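Per-entry structural report
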Amino acid sequence: MITALTHLQRLEAESIHIFREVAAAFAKPVMLYSVGKDSSVLMHLAMKAFYPAKPPFPFLHVDTTWKFREMIAFRDQMAQKHGFDLLVHVNEDGVRDNINPFDHGSNTHTHVMKTVALRQALDKYGFDAAFGGARRDEEKSRAKERIFSFRNAQHVWDPKNQRPEMWKIFNTRIASGESIRVFPLSNWTELDIWQYILQENIPIVPLYFAKERPVVERDGMLILKDDDRMKLRPGETVENRLVRFRTLGCYPLTGAIESDADTLEAIVGEMLTARTSERQGRLIDRDEAGSMEKKKREGYF
Amino acid sequence: MRHIMAKSLAPTDSIRDYLAAQEKKSLLRFLTCGSVDDGKSTLIGRLLSDTKQIFEDQLAALERDSRKHGTTGDDIDFALLVDGLEAEREQGITIDVAYRFFATPKRKFIVADTPGHEQYTRNMATGASTADLAIVLIDARQGVLRQTRRHSIIASLLGIRHIVLAVNKIDLVDFDQAVFDRIVEDYGQFSRDLGFQTIVPIPMSARYGDNVSGRSDNMQWYSGPTLIEHLESVSVEEAAVEQPFRFPVQYVNRPNLDFRGFAGTIASGAIVQGDEVVVAKSGKSSHVKRIVAHGGDLKQAVAGQAITLVLDDEVEVSRGNMLVSPAARPQVADQFAANIVWFDEHALLPGRSYILRTETDQTSATVTDLKYRINVNDFAHEAAKSLEMNEVGICNISTRAPIAFDPFAENRTTGAFILIDRISNATVGAGMIVHSLRRAENIHWQSLDVGKRVRADMKNQRPAVLWFTGLSGSGKSTIANLFEKKLFATGRHTYILDGDNVRHGLNRDLGFTDADRVENIRRVAEVAKLMADAGLIVIVSFISPFSAERRMARELMADGEFIEVFVDTPFEECARRDPKGLYARALNGEIKNFTGVDSPYEAPENPEIHLKTLGKSAEEMVDALEHWLNERDIAEDQYESGGGI
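From a predicted model like this one, the values you see are computed outputs, not experimental measurements.

Right, let's talk about the overall build of chain B for a bit. Across its full length, chain B holds 18 helices and 27 strands. Across its three principal axes, chain B shows a C-alpha extent of roughly 95 × 70 × 50 Å. Among the 645 residues that make up chain B, the fraction classed as buried is 45%. In chain B, 72% of the contacts between residues at least 6 apart in sequence involve partners at least 24 apart.

Rendered as structure tokens:
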């Protein structure tokens, strides 16, 4: 008989426990599905938690309209394969005003198309709990957040006044209009995620694997020219380079890395020698000091 | 900006080998605690740096921040790496617990970096609740401080059995062995009764790295392990698998009529397909038919695994119950003694009703007796009427429904609970069960043949508790008195419980502190309940200033029986009337804790009856009350005869 669980088994059990707790204690939960590798792991864990039933909540994708085309294709493919209830929300006000990352900068774009859009969607459906794939090792304000993270009726996080979170006993009580953001992957690291994807053979968006792709070097980042909405600036050229992505977001805000890692093993091998953190490729964290905390307080995941 | 990644040179096979080795690594969860400025965050920064967990872009950001907010001159301020909130970096303090991750070739670690300030003790407790080991930091120049003791006591209460005594900033006392020895001696004396299995003292300088990962050349007199060596080798594994089987049922999975699975995480022990299990609260027995998992059924499962069990037959089990080993069952009781750590700025008040949550169960609970408060400096047991924020005490607790549990000392999962405020929903306290109270086991409800309904029918009325709340002098007693006379005249059986009168007898021993006010209301509510049970219409005329206690009274009564009557007279008017001359004295400071003056009144938000008295006569109020009561009785009669549906 086994006596002690491995590191990954412990993480998996903790995440499954969290999923079930939300299903048991909340009236209307939803899972935020952002199509990235963490979302893929989250989805896999949700399937396990409720097997043989399907997860008893819908999956919500907040589409900024600037995601990589391959992400959208992968999203629809997963929804079809697993038969989960997929909701897609776009901030139509932002579309009307033509808010985009090129003209308005990452800050305004992210705020309108992601943070505000998310708040709209949560209000529209009246969700009282929302799962997200954030991990504590990603960023310093995330390292401080509870697994069950309280939001007031305006979706505001108050980092200085979080509920104590003891053992695995979660306080799921909220008043009407308030909600809880739930992070089942809180204690996973980037390496754990990859190791688990490898172990469980979890499908991920092909953009994570190295391939010749048309990229433009801009502001020190390699941006994939995913469609014609990206206009070249004077002096810029599109080059085909062997690249892949460590994280995925809006294509104009996500830098590629030059890499020949085209298998999961190679990705893990590359990670082990990495000298920079994964969020380094994300423009939105660098806008200003404490920018992630500020976005989170406003309702960003 | 670097966006070029090192080429992946390692062949696939060696990656597989590496991952296989990772897979076998054990995990240690620990926290750093101790007083403010003892260097907790600096130590974690040092650990992350020494184990190569800090990436280049993070290091660049750290150098920037160090120049802006740093407190270490030209050196990198590692504390800024973990103090992730803007407010923390600006104030140079840690407010909330941060979780950090690192690994060595031997182990993986999750560290909770917890705040030292007393006001953030609850965040330290949060970090400690999931840890197996605590690094208690001490500033070599300061020695053992009040917060060192408080954190050690909380760590001990929360079940931590392994301590590293990190005597930090040893460079600032010239690496002096005598200083180190004295602190170790002090701490050993103090912690003798805290039940720690290991205490490993290490002299170190987190800032310069002495004895953190590398052995220090500055302390030839120290021959013990470095911090990393100790963390890699200390054995904290508790044989949870050896303990009796405990499976708190978290979620009943019922996708269709053919499948009914009980989902949850095994708290202790192991289960094999075919094993007998017992439902803790009912004592009913069944067998495990299947252990369902995503990739195919399991033959067996052990503590820590999140599984789904299917039983042989249709026994009644729901969330909050427990499936357990028939040979060693948990206790099931509604009264028990527990250690409580209090988190909220509103003190714990005996008699007030809170929501009690275990891992999967939930019921309401009151503290029936606060036995004593523990002085964190000398462990003295001090008499107390309430527990203030960050205080620790031992209490008797009474729950509305029995819960299944083990003593916390035997099982950290099934012996723990939290308390939640009914109104704010804040997590106000954490509890560790010591033992059940024997009286709970021996007192069973007498089932009586003559019931409430029969008694009320005989009086040709429906029982009710009309709860008058309002400021002193608002007119409660006048209206109550007139109302009773009118009911009496129509042949109704009534009784008035008046605040002042009850304080002459039943509640003679109670004063006017918050704690006594809560107990005052609790007793009156229980008496009112007995009287309603006897079939009476009870009029309670009590200031009852706290909504939490009025809610507790409401929950004691049957549905529809509790009628909250808000006698709403503005403060200025009450003070002007001042029938007993009390406002004049209170406003002069001669009476303390006077409602409306220096003690709050929480007005009801949704009373059944709202009497605005200004400009109205007492007779008009009474007519309104009688009308309301008649309407209720008619509605209920119709409902019962089916006429109203």
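Quick look at the overall build of chain A now. In terms of helices and strands, chain A carries eight helices and ten strands. Taken over C-alpha atoms, the radius of gyration comes to 19 Å for chain A, in line with the 19 Å a tight globule of 301 residues would show. Taking the principal axes of its C-alpha atoms as reference, chain A extends roughly 55 × 50 × 40 Å. Considering only contacts in chain A between residues 6 or more positions apart, those separated by 24 or more positions represent 78%.

Residue and element names in this part refer to chain A. Its domain assignment divides chain A into domain 1 (7-193 + 290-298) and domain 2 (206-284). Averaged C-alpha coordinates put domain 1 and domain 2 at centres separated by 24 Å. If you list the elements that add at least two residues to the side of domain 1 that touches domain 2, you get α3 (69-82), α5 (101-125) and α6 (190-200). Examining the composition of the side of domain 1 that touches domain 2, we find that four residues originate from one element, α5, more than from any other. Looking at the side of domain 1 that touches domain 2 residue by residue, the classes come out as seven nonpolar, five polar and seven charged.

Counting residues at the interface gives 69 residues for chain A, matched by 70 residues for chain B. When contributions to the side of chain A that touches chain B are tallied by element, the ones reaching two or more residues are α1 (7-25), α2 (37-50), α6, β8 (221-224), β10 (257-258) and α7 (264-272) of chain A. The biggest single contributor to the side of chain A that touches chain B is α1(A), with ten residues. Class assignment for the residues of the side of chain A that touches chain B results in 30 nonpolar, 20 polar and 19 charged.

Residues and elements named next belong to chain B. Split into domains, chain B comes out as domain 1 (21-233), domain 2 (240-324), domain 3 (331-437) and domain 4 (452-641). If you average the C-alpha positions of domain 2 and of domain 3, the two centres end up 28 Å apart. At the junction of the two partners, domain 2 supplies 14 residues and domain 3 supplies ten residues. Residues that form the side of domain 2 that touches domain 3 fall into these classes: five nonpolar, six polar and three charged.

Where strands meet in a sheet, backbone hydrogen bonds hold them as pairs that are either parallel or antiparallel. Residue and element names in this part refer to chain A. Read from one edge to the other, the open sheet built from six strands follows the order β3-β2-β1-β4-β6-β5, with strand pairing classed as mixed. Unpaired on one side and paired on the other, β3 (86-89) and β5 (148-151) mark the two borders of the sheet. Between one strand and the next, the sheet's axes are offset by a mean angle of 30°, whatever the strand orientation. Direction of pairing for strand β1 (residues 29-32) relative to strand β4 (residues 129-131): parallel, over a ladder of three bridges.

Parameters and conventions
- What you see as residue numbers is a count from 1 along each chain, following the sequence as written.
- The order in which chains are written sets their letters, starting at A; the order in which ligands are written sets their numbers, starting at 1.
- Restriction of local features to residues with pLDDT of at least 70 applies here, the model being predicted, together with a cutoff of 80 or more for giving and counting side-chain atom pairs; totals for whole chains, interfaces and linings are based on all residues.
- Helix and strand definitions here come from DSSP, where helices need a minimum of 4 consecutive H or I residues and strands a minimum of 2 consecutive E residues; each element is numbered from the N-terminal end.
- For the exposure call, what matters is how many other C-beta atoms sit within 10 Å of a residue's own: 20 or more marks it buried, 12 or fewer exposed, and in between partly exposed, using C-beta atoms placed from the backbone.
- By definition, residue pairs are in contact when their C-beta atoms, positioned from the backbone, come within 7 Å.
- The size measure is the radius of gyration over C-alpha atoms, and the globule rule it meets is 2.2 Å times the number of residues to the 0.38 power.
- Domain extents, as shown, originate in an automatic or database domain assignment.
- Residue classes follow a fixed rule: Ala, Val, Leu, Ile, Met, Phe, Trp, Tyr, Cys and Pro count as nonpolar, while Asp, Glu, Lys and Arg count as charged, and any other residue, Gly among them, counts as polar.
- Between any two strands, at least two bridges found by DSSP are needed for them to pair.
- All axes are obtained by fitting lines to C-alpha atoms, using only the stretch in contact for helices, and the reported angles, taken between N-to-C directions, cover 0 to 180 degrees.

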